[in-house]
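Residue-level structural notes
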Amino acid sequence: MLMADRIIAASIMALSLYFMWHATELPIGWNGKTGGPGGGAFPFWLSAVMFCCAGGILVRSYRGKKIQSGPFFDPETLSWVVSVAIALVVAIALIPWAGAYIALPLFLFWYLKVFGRHGWVLTGILCIATPVFLFFFFEVTLKILLPKGLTEPFFLPLYARFF
Amino acid sequence: MELFAHLADGFATSLSPLNLFIVILGVTAGLFIGAMPGLGSVNGVAIVLPMTFIVPPSSAIILLCAIYYGAMYGGAISSILLGIPGASTAVATTFDGRPMAQQGKAGLALIVAATASFVGGTISVILFTLFAAPLADVALAFGPAEEFALVLLAFTTFVGLGGDDVLKTIIMICLGLALSTVGLDLISGQPRLIFFDQPGFYSGISFLVLAIGIYGVGEILYTIETSKSAPSVTPARLTFRDLWYGIKEVNKLWRTLSFGSFLGFFVGMLPAAGATPAALMSYGLSKLMSKKPETFGKGAIEGVASPETANNAASTGSLLPMLTLGIPGSPTTALLLGGMVMWGLVPGPMLFIEQPDFVWGLISSLYTANLAAVLVNLALIPLFVWALRMPFTVLCAIVLVLCIVGGFAPSQKMHDVWLIAGFGIVGYLMRKADYPMAPLVLALVLGPLMEKSFRQTLIAEQGNIVAFVERPLSGTFIAISVVFFLLPLLKYVKRSPRAQKVPNEPAE
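All values derive from a computational prediction rather than experimental measurement.

**Overview of the overall build of chain B**
A tally of regular secondary structure across chain B gives 22 helices and 2 strands. Considered along the principal axes of its C-alpha atoms, chain B spans approximately 70 × 60 × 50 Å. Across the 508 residues in chain B, those meeting the buried criterion constitute 63%. Of the roughly 18,400 Å² that chain B leaves accessible, carbon and sulfur atoms contribute 69%.

Printed below as a string of structure tokens:
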């Protein structure tokens, strides 16, 4: 817990520095002509405050005596969280390439069948019903086209039918 | 009398078949979302918002408010049947709701919760109706200086009253504000903070992306970690005798209920407080005022009724500053505010003048939503008992898919979907380290207003920074802000430094 607190505080400090460096592309000081601060002032000084507060947390973690104990992650369930996060990232990465209608059912299949250990019937129903719902809700009703990637040609007859 | 005319006009809007259908749909969805452990009103609104493009803007807002309302009712269901609060707002309901369920009185507890919620909702909607127009009139006199001072006040309430670690709260506020400056500079139009030269950042970071990331993906990750085993559902039988008995019992509690409603309404208006603390305060105070305080915690009907009135009243209360001043009173209303801005309905006093049909339609829809919620709630209790048995993995999988698609839909850019995944994972880690999430979301929504009003004032006053304190209203707001800001410091000086660990729950 203590270590995690320090790592997060240090990361925030690094992030603030990165923000501050970016913000300096625009004037960060007082602009005499128009009155008021320049375009970079808001992000710059807010990040500076963030930097100081995160520094304060870091300093406090070394000085304080009473520290929250216990591990940061629950060792039993950490692997679950990590695998879901990885699956999510893989699914998102697949979307532009294989299309939402392949990537999302794959994700559902992994989640329900492999991760959740559900039966074939439930998995099958959800893996088929979800893309059908998404197609009719987003593409047909809202006219929002989801990325199709490689599967684009297969949708041409559907477009012809519904648009 | 003008008020009644407005309200009657409003009912003409909200009782149209489409809006009536939408209210019923919204409260039913909200009830389910609220009843699911781990998902509350803020998660529901964040996940559903991208899908509301399907209806006209004013109906979309009515839908989201109905979800908000329904979720407040729904939170009690899992508090009673599972012993796990369905949303953080229903924590106090578990204290007596769970013992009641264990004594075989789950049905009665659900009836009491629903009727008490209805009383809280109704009293607070009446208060809302009375206060909305006068407050909007006052707010008409606000210039940019007052707007800035008010936003500052909203943020300092987190520092002074939030109860979280002060340094972490300030970090989250600054982070939200800094993220809100990504994109184009408001005044000069120059690009700024374009990370890694990604073109996606030119349009800024949408509040929706942050909200879906934190309240969708982050919440699911958090729930996966904390839910080790499936909880057992207490069966609830519902009889008309119970219903009659429950209503009679609630009828005896007028003093507690009206007190809880007023308390909830005013606590709900504060950005940093909201429904969770309101419910806890109401529980504590009704125990103090009760003739039989020893029954509390062992299944007292009063102990179920008092937090439920307060959390419903608070959800209405937090709508008041959002609608009249444009300052949201809770993360959920911050999302509603963002949604309204997205649809071109900018909340604030001008909305009452320019879009009276919408405003009064929305206010009157709160009455119908409240009535619909209590009826749907009581009618569908057997369905909720069944739904709570749904395996958690199914719910998580569907929610994650909705997060991905819902994140993509508004802007149709994969950039936003990646941001959602990033915010979700980082948000999950930061939440575990006790960083509060509510100030972050509020800051991102209010950031543009804060910067714009600050710089507009200074341009108008030729760089004279004293202008903020010279104007009486903004001066007062700033003075109160300073007090809030110094509150933690005073506590620190009074008591020796004491490491406090505060449970990290999204305030709603």
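**A word on unusual backbone geometry**
Non-glycine residue R117(A) carries a positive phi angle of around 55°. If you check the backbone angles, D197(B) has positive phi at about 55° while not being a glycine. When you line up the elements, D197(B) lands in the loop between β2 (191-192) and α9 (207-226). Residue class for D197(B) comes out exposed when judged on its relative accessible area of 66%.

**Overview of the state of the cysteines**
All names here are of chain B. With the rule as written, the count across this model stands at 0 disulfides over all chains. Among the cysteines around C396, which has no disulfide bond, C403 carries the closest sulfur, lying 10 Å off. The exposure class assigned to C403 is buried, which follows from its relative accessible area of 1%.

**A closer look at the environment of A300(B)**
All names here are of chain B. Mapped onto the elements of the fold, A300 is located in the loop between α12 (275-289) and α13 (301-325). Distance from A300 to K168, taken between C-alpha atoms, is 38 Å for residues 132 residues apart in sequence. If sequence neighbours within four positions are ignored, A300 has contacts with D96, M100 and T295.

**Observations concerning the pattern of salt bridges**
All names here are of chain B. Under the criterion given, the structure shown has 11 salt bridges over all chains. A salt bridge links E219 to R431, with the shortest nitrogen-to-oxygen separation between them at 3.2 Å. Of this pair, E219 sits in helix α9 while R431 sits in helix α19 (residues 414-432), placing them 212 residues apart in sequence. Assessed through its relative accessible area of 11%, R431 is described here as buried. Of the charged contacts, one joins E225 and K432 as a salt bridge, the two residues approaching to 3.0 Å between their closest N and O atoms. Of this pair, E225 sits in helix α9 while K432 sits in helix α19, placing them 207 residues apart in sequence. Considered together, E225 and K432 belong to a single accessibility category, that of buried residues. Each of D185, R192, E451 and R455 takes part in salt bridges that share partners, so that together they form one network.

**What about the interface of chain A and chain B?**
How large an interface is tends to be reported as the accessible area lost when its parts come together. The partner chain B presents 64 residues to the 66 residues of chain A that form the contact. Surface buried jointly by chain A and chain B totals about 5,900 Å² across both partners, of which 81% is contributed by carbon and sulfur atoms. If you sort the residues of chain A by the area they bury against chain B, F42(A), V81(A) and I92(A) come out on top, with a joint share of 10%. Between the two partners, chain A and chain B, sit 2 salt bridges. Note that D165(B) and R60(A) form a salt bridge whose closest N and O atoms lie 2.8 Å from each other. Counting across the chain A and chain B interface gives 4 residue pairs in polar contact (both at pLDDT 80 or more).

Reading guide: rules and limits
The numbering scheme is per chain: residues are counted from 1 as the chain's sequence reads. All chains are assigned letters beginning with A, and all ligands numbers beginning with 1, in the order in which they are written. Whole-chain, interface and lining totals are the exception, using all residues; otherwise, since this is a predicted model, local features are given only for residues with pLDDT of at least 70 and side-chain atom pairs are given and counted only at 80 or more. For the side-chain quantities, the full set of heavy atoms in the structure was used; hydrogens and water were omitted. Secondary structure counts use DSSP, requiring at least four H or I residues in a row for a helix and at least two E residues in a row for a strand, with both numbered from the N terminus. Burial status follows relative accessibility: with a 1.4 Å probe on protein chains alone, a residue under 20% of its type maximum counts as buried, one over 50% as exposed, and anything between as partly exposed. Here the accessible surface of atoms and residues is derived via Shrake-Rupley with a 1.4 Å probe, and residues count as covered only by protein chains that are part of the display. When two cysteine sulfur atoms are found within 2.5 Å, that pair is recorded as a disulfide. We call two residues in contact when some of their heavy atoms are within 4.5 Å. The term salt bridge refers to a side-chain nitrogen of Lys or Arg lying within 4 Å of a carboxyl oxygen of Asp or Glu. Joining two parts hides part of their accessible area as seen by a 1.4 Å probe, and the buried area is that hidden amount summed over both. Under the rule applied, a polar contact is a pair of N or O atoms within 3.5 Å (in protein, one hydrogen donor and one hydrogen acceptor; residues adjacent in sequence only if both atoms are side-chain atoms).

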